[in-house]
Amino acid sequence: MAMERLATAMYLAADGGLIPGAKPTKIPGMDGPVAKLFGYGLWVLVLAGVGGAAYGVYKLAVADKSRNGGGSEPFKWMGGGIAAILLSSSLIAILNGIAG
């Protein structure tokens, strides 16, 4: 029940234009809500990575620049966001290669 609701929410986000160009390719042998969740979930992971990287840039802009300030936290956010983008985009490319 919860999986179907999550799949419906991701499907509506893709159709509503929140996720541009998110048209997951059907993978042979995978069908139903699992395929929708996996396909759109990777696009949501890309958006989360972009949000994390943007938040890191924001934290870097407003960070305390003195010697006592915690200067590594913005870079942790940016690194995590970039890692999420790279991971999900490579998985999208691999899955499109398998299905395609």
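Residues numbered from 1 in each chain as written. Predicted model: local features only at pLDDT ≥ 70, side-chain atom pairs only at ≥ 80, totals over all residues. Heavy atoms only, no water.

Taken as a whole and judged by the stated rule, the model has two aromatic pairs. Centroid distance Tyr-55 to Trp-77: 4.7 Å. Interplanar angle 80°. Geometry classified as edge-to-face. Placement of the pair is Tyr-55 in helix 2 (residues 33-62) and Trp-77 in helix 3 (residues 73-99), with a sequence separation of 22 residues. Residue classification places Trp-77 among the partly exposed positions, given a relative accessible area of 38%. Among the aromatic residues, those joined into a ring-pair cluster are Tyr-55, Tyr-58 and Trp-77. (Phe/Tyr/Trp six-rings, centres within 6.5 Å; stacked < 30°, edge-to-face > 60°. Helix = DSSP H or I, 4+ residues; strand = E, 2+ residues; numbered from the N terminus. Buried < 20%, exposed > 50% of the residue type's maximum accessible area, 1.4 Å probe, protein only.)

Looking at the element boundaries, Ser-88 is found in helix 3. A polar atom in the side chain of Ser-88 sits 2.8 Å from the backbone oxygen of Ala-84. Among all residues touching Ser-88, those that are not within four sequence positions of it are Leu-42, Leu-45 and Val-46. (Polar contact = N/O pair within 3.5 Å; in protein donor to acceptor, adjacent residues only side chain to side chain. Contact = heavy atoms within 4.5 Å.)

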